[in-house]
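Each chain, letter by letter, is given below.
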Amino acid sequence: MAGIQHYLQFNDLSADTYAYLFERAALIKKRFKGYEKHHTLADRTLALIFEKASTRTRVSFEAGMYQLGGSVVHLTTGDSQLGRAEPIEDSAKVISRMVDLVMIRTYEQTKIEAFAAHSRVPVINGLTNEFHPCQILADIFTYQEHRSSIKGKVVAWVGDGNNMANTWLQAAELLDFSVHVSTPRGYEVDQSVTGVRRSEHYKVFKDPMDACRGADLVTTDVWTSMGYEAENEARRKAFADWCVDADMMRVAAPDALFMHCLPAHRGEEVEADVIDGPQSVVWDEAENRMHAQKALMEYLLLGRL
Ligand code: CP
Ligand code: NVA
């Protein structure tokens, strides 16, 4: 429906709005740490719809909404009519008459777009095959918390050209930093999905070591995303050289950070000494999902406060 601000892709919001959200998330986090009440969404209800598994996304949205004074309704494919082929458009019309905000984790981006097109309330992408904007929102907030503005910095992406990679590329173009991408052949980023062309914001490297050289942030993700499990064996072979290890961190900038959206597989996409090492900020990154999404939910419902 016209006039509703959804959050379906990273570039649904402007650079200026992200600057506001990062500032707001920092304030919300400070209040949370100080046990200060922050009930800006009192009496509002968030529907959480999961068609794929989740730990962080569920806990961060659910705990976050309660901390804002609101409540949540949790639905999955298996326990709702979504799993029994009720049209997504009908589900959107019904659910959005009863709640104030909807988060969806699903497969195709077209599905969340169809839901949003028929929703009376803002819809948030909690991960699709194509994008994971809430994660990158938290990742950039985390980078800025540990270092400084991400503007002008280099992020190395090692691994699959997946939903996370796509979202990093959109963020780089919007917030003016660079992503150095290295994927195995056959698993490249699909530029038509991201809408991002190669430029100073997006460079491709055959060798993951070259992508990491001088990077300010090294990041990776699982070799096999949810929904692609049938390709598991082929992917294990193809991705064998795309494991972030101490050598890759050594060629990165001396103060480079390591991030991973989690869940992680030590010994596959990342070695244990990296993810559990001193440059890793994965636990802050996971926690910051909640603070950043609280700022996002407030913004979608109330605008700037
Ligand atoms: N990073 C992330 O989205 O984690 P979950 O799959 O546990 O929600
Ligand atoms: N790329 C992963 C991210 C999980 C949070 C997936 O889609 O399964």
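Relevant structure appears above.
Residues numbered from 1 in each chain as written. Chains lettered and ligands numbered in written order. Predicted model: local features only at pLDDT ≥ 70, side-chain atom pairs only at ≥ 80, totals over all residues. Heavy atoms only, no water.

Enquirer: Describe the site of ligand 2, with residues and values.
Expert: Taken together, Leu127, Asn162, Asn163, Asp221, Val222, Ser225, Met226, Cys261 and Leu262 form the complete shell of residues around ligand 2. Taking Asn162, its side chain carries an N or O atom lying 3.4 Å from a nitrogen atom of ligand 2. Between ligand 2 and Asp221 there is a distance of 2.6 Å, counted from a nitrogen atom to a side-chain nitrogen or oxygen. For ligand 2, whose free accessible area comes to 270 Å², the fraction covered by protein is 95%. In this structure the site holding ligand 2 corresponds to the largest pocket. (Near = heavy atom within 4 Å. Polar contact = N/O pair within 3.5 Å; in protein donor to acceptor, adjacent residues only side chain to side chain. Areas by Shrake-Rupley, 256 points an atom, 1.4 Å probe, with all protein chains shown as cover. 1 Å grid on protein atoms, 1.4 Å probe; cavity = no way out; pocket = protein on both sides within 12 Å on 5 of 7 lines; lining within 4 Å. Sits in = over half its atoms within 2 Å of the grid points.)

Enquirer: Could you give me a rundown of the pairing of strand β3 (residues 101-105), with the residues and numbers involved?
Expert: For β3, the buried fraction is high: five of the five residues fall into the buried class. For strand β1 (residues 45-50) and β3, the ladder comprises five bridges, and the chain directions are parallel. Following the sheet pairing, Leu48 is matched in β3 by Met103. Pairing of β3 with strand β4 (residues 123-125), which is carried by three bridges, proceeds in the parallel orientation. Following the sheet pairing, Ile104 is matched in β4 by Asn125. The parallel pair β3 and β4, bridged by helix α4 (residues 109-117), forms a crossover whose chirality is right-handed. (Buried < 20%, exposed > 50% of the residue type's maximum accessible area, 1.4 Å probe, protein only. Helix = DSSP H or I, 4+ residues; strand = E, 2+ residues; numbered from the N terminus. Pairing = 2+ DSSP bridges. Right-handed = clockwise from strand over helix to strand, strands pointing away.)

Enquirer: For the site of ligand 1, give the residues involved together with the corresponding values.
Expert: Taken together, Ser54, Thr55, Arg56, Thr57, Arg105, His132, Gln135, Cys261, Leu262 and Arg289 form the complete shell of residues around ligand 1. Ser54 places a polar side-chain atom, nitrogen or oxygen, 2.7 Å from an oxygen atom of ligand 1. Computed on the free molecule, ligand 1 has an accessible area of 260 Å², of which 96% lies beneath the protein chains in the complex. Judged by the fraction of its atoms near the pocket grid, ligand 1 is located in the largest pocket. Across the shell around ligand 1, the residue classes break down as two nonpolar, five polar and three charged. (Nonpolar A, V, L, I, M, F, W, Y, C, P; charged D, E, K, R; others polar.)

Enquirer: For the packing of aromatic side chains, give the residues involved together with the corresponding values.
Expert: Inspection of the entire model under this criterion finds six aromatic pairs. Ring centres of Tyr187 and Phe239 lie 4.8 Å apart, and the angle between their planes is 55°; this geometry places the pair in the tilted category. Of this pair, Tyr187 sits in the loop between β6 (178-182) and α7 (191-194) while Phe239 sits in the loop between α9 (232-238) and α10 (246-251), placing them 52 residues apart in sequence. Comparing Tyr187 with Phe239, the two get one shared label, buried. Lying over the aromatic face of Tyr107, Lys52 brings its terminal NZ or CZ to 4.7 Å of the ring centre. (Phe/Tyr/Trp six-rings, centres within 6.5 Å; stacked < 30°, edge-to-face > 60°. Lys NZ or Arg CZ within 6 Å of the ring centre and 35° of its normal.)

Enquirer: Kindly report on unusual backbone geometry, identifying the contributing residues and their values.
Expert: With an omega dihedral of 5°, the bond running from Leu262 to Pro263 counts as a cis peptide bond. Along the chain, Pro263 turns up in the loop between β9 (257-260) and α11 (272-275). Located in the positive-phi region is Tyr35, a residue other than glycine, with phi close to 55°. Looking at the element boundaries, Tyr35 is found in the loop between α1 (15-33) and β1. Positive phi values are uncommon outside glycine, yet Leu262 reaches one of about 70°. With respect to the helices, strands and loops of the structure, Leu262 is situated in the loop between β9 and α11. The class for Leu262 is buried, based on a relative accessible area of 10%.

Enquirer: Would you mind going over empty space enclosed by the protein in detail, with residue names and values included?
Expert: Inspection of the entire model under this criterion finds one cavity of 30 Å³ or more. Put simply, the largest cavity is a space of about 40 Å³. Along the walls of the largest cavity sit Ile49, Glu51, Leu82, Ile88, Ile104, Thr106, Lys111, Ile112 and Phe115, which together make up its complete lining. Residues that form the lining of the largest cavity fall into these classes: six nonpolar, one polar and two charged. (Points joined across faces, edges and corners; volume = space filled by probe spheres on them.)

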